[in-house]
Amino acid sequence: MTASVDSPAMDVTDDSALEARKYLASRLATKSTETSFRSIPVIDVQSSFSGTNEDRQAIAKQIHEACTTVGFFYITGHGMEETCNATLKLAKRFFNEVPESSKEAIHIKTSKYFRGWEPASFSSVDVLETKNPAKETKEAFNWGYEAGLDPTGGDGKYVELDGAVPDSKANLWPSEDAIPGFYQGISEYYGSTLQLCRHLCRLFALSLDLPEFFFNPMITHPGGIARLIKYKASENPQPLSFSIEDQEIGLGAHSDYECFTLLLQDSVPGLEILSPDGHWISATPIQGGIVVNVADFLMRWTNGVYKSTVHRVINRTAEERYSIPLFFSINYDEKVETLPSCISEDNPAKFPPITAGKYVLDRLAATVLGGYQ
Ligand SMILES: O=C(O)CCC(=O)C(=O)O
Ligand SMILES: [Fe+2]
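How each quantity is defined
Residues numbered from 1 in each chain as written. Chains lettered and ligands numbered in written order. Predicted model: local features only at pLDDT ≥ 70, side-chain atom pairs only at ≥ 80, totals over all residues. Core = buried A, V, L, I, M, F, W, Y, C linked by C-beta atoms within 7 Å. Buried ≥ 20, exposed ≤ 12 C-beta atoms within 10 Å, placed from the backbone. Helix = DSSP H or I, 4+ residues; strand = E, 2+ residues; numbered from the N terminus. Contact = placed C-beta atoms within 7 Å. Pairing = 2+ DSSP bridges. Axes fitted to C-alpha atoms, helices over the stretch in contact; angles between N-to-C directions. UniProt positions renumbered as here; feature names shortened; annotations may be inferred. Parallel < 35°, antiparallel > 145°, perpendicular 65-115°, else oblique. Left-handed = near helix turned anticlockwise from the far one by under 90°. Nonpolar A, V, L, I, M, F, W, Y, C, P; charged D, E, K, R; others polar.

S.K.: Help me understand the nonpolar core in this model?
M.R.: When a protein is soluble and globular, its nonpolar side chains tend to lie buried together. Core analysis: the biggest nonpolar cluster contains 90 residues, and Phe-73, Ile-290, Phe-297 and Leu-298 have the highest contact counts within it. Here this core takes 12 residues from helix α6 (residues 182-207), the largest share from any one element. Ignoring sequence-local partners within four residues, the contact set of Phe-73 consists of Ile-40, Pro-41, Ile-43, Ala-66 and Val-292.

The following block contains the structure:
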């Protein structure tokens, strides 16, 4: 099977497409009350930067609790508030000020790696309804890791999802004339977020009973696809209803593919996450909070111990909504086996070894129209 009509073809194995479909179907069908939840934990990570080992262990414990139940949490005290606000403003400028012709010049259909501008109603993450998927209202701009965006400068070994040596033109940037300061702003945001992700990896390691620096050798040239997203205002605002009738889907129900996602959202709600008993819970934006969620690769790597929770976006408000996810992965060329601390007699290793980039690429290509999450 290949990806799509409009987007460039990428090979995808039937296995991965099937796996993606089965997985989402099972998640949408499950009506278990065992692990149901009604709220998303907030974790203040401030003391993990300067505090003691005990401080970091205490935060790691909260992360473990959140990841084994909800699969989502907010972090505060991360020190990125200013960058977050500036980048959300930049996103608004990109969508509303850049002329259509400049966006067309960086259209995602010209990119092998799903980079560049994606018009509204272009793709769908609906892996279940492959014949007639509901088009999603989101408009997006996608980019990926470049050593020049990494404050460490990288280790010179970055490879793309398919293992290819990076092409310096893989990212499609709008011209400086079309939006002055864009590259600079994105680069500041991306650099600080990458470093925050690396810091979170230390906390994730502790949370999994692993040595604090366990993941460090695997994040020297990490995968990090990021995107700016705009969701148009609802024509039929109904803030209190979780039904989807009369509402357009901003981004369909899905789980993310990589290790974990860091998501900035502006003050307009829209993100909803699925509790295993079938209730959708609003991940309402909180002041200074960044949403963190476990993604599928990490769920596999942890033998299912950490949960990758299904979520969707529906803008039920009369305002436009902007968000900026970064999908953080370990080095794409890293092949890993189930984490030893997640194997037990009750939970023997369930998944064969996998390479990070290959896994993400297969999942990506299996989405309808080959779009991103
Ligand atoms: O826009 C959001 O709030 C969520 C975006 C998301 O889930 C994704 O892009 O995978
Ligand atoms: Fe997502």
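Moving on from the coordinates now.
S.K.: Explain the sheet that holds strand β11 (residues 311-313) to me, please; I cannot follow it from the model alone.
M.R.: Taken together, the four strands give an open sheet; going across it, the order is β6-β11-β8-β9, and neighbouring strands pair in antiparallel fashion. Each edge of the open sheet carries a strand with a single partner, namely β6 (251-254) and β9 (280-282). Averaged over all pairs of adjacent strands, the angle between their axes in this sheet comes to 20°, without regard to strand direction. Taken together, the three bridges between strand β8 (residues 271-274) and β11 define a ladder with antiparallel strand orientation. Across the sheet, residue Glu-272 finds its bridge partner in β11, namely Arg-312.

S.K.: Teacher, can you tell me more about the sheet that holds strand β5 (residues 222-231) here?
M.R.: As a general point, the strands of a sheet are linked pairwise by backbone hydrogen bonds and lie either parallel or antiparallel. Reading across from one edge, β1-β2-β10-β7-β12-β5-β4-β3 is the order of the eight strands in this open sheet, with mixed pairing throughout. Looking at which strands have only one partner, the edges of the open sheet turn out to be β1 (42-44) and β3 (116-118). Neighbour-to-neighbour, the strand axes of the sheet open up by a mean angle of 25°, direction not taken into account. Helix α3 (residues 53-69) rests against β1, β2 (72-76) and β10 (290-294) of the sheet, and its axis sits at about 165° to β1.

S.K.: Even after reading the chapter, I still don't get the UniProt feature "domain: Fe2OG dioxygenase" (unreviewed entry) in the chain, so can you show me in this structure?
M.R.: Listed under "domain: Fe2OG dioxygenase" (unreviewed entry) in the UniProt record, and renumbered for this structure, are residues 236-330. Between the end C-alpha atoms of residues 236-330 there is a gap of 41 Å, over a span that is 6% helix and 37% strand.

S.K.: Can you help me understand the packing of helix α4 (residues 81-97) against α6 in this one?
M.R.: Angle between the axes and distance between the axes are the two parameters that describe a pair of packed helices. Interhelical geometry of α4 versus α6 gives an angle of 140° and a closest axis separation of 10 Å. The angle between α4 and α6 places the two elements in the oblique class. Every pair of crossing elements has a handedness; the one defined by α4 and α6 is left-handed. Contact residues: Thr-83, Ala-86, Thr-87, Leu-90 and Phe-94 in α4; Phe-182, Gly-185, Ile-186, Glu-188, Tyr-189 and Ser-192 in α6. Looking at the contact of α4 with α6 residue by residue, the class counts come to six nonpolar, four polar and one charged.

S.K.: Sorry if this is basic, but what is going on with the pairing of strand β4 (residues 139-143) here?
M.R.: Each regular strand shows side chains that alternate between the opposite faces of the sheet. Along β4, five of the five residues are buried, which leaves the element largely enclosed by surrounding structure. The side-chain alternation of β4 yields two buried faces, one formed by Glu-139, Phe-141 and Trp-143 and the other by Ala-140 and Asn-142. Judged from the three bridges that link them, β3 and β4 form a sheet pairing that is antiparallel. Looking across to β4, one finds that Gly-116 is bridged to Asn-142. Sheet topology note: the β4/β5 ladder contains five bridges and is antiparallel. The residue bridging Glu-139 from the neighbouring strand is Lys-230, located in β5.

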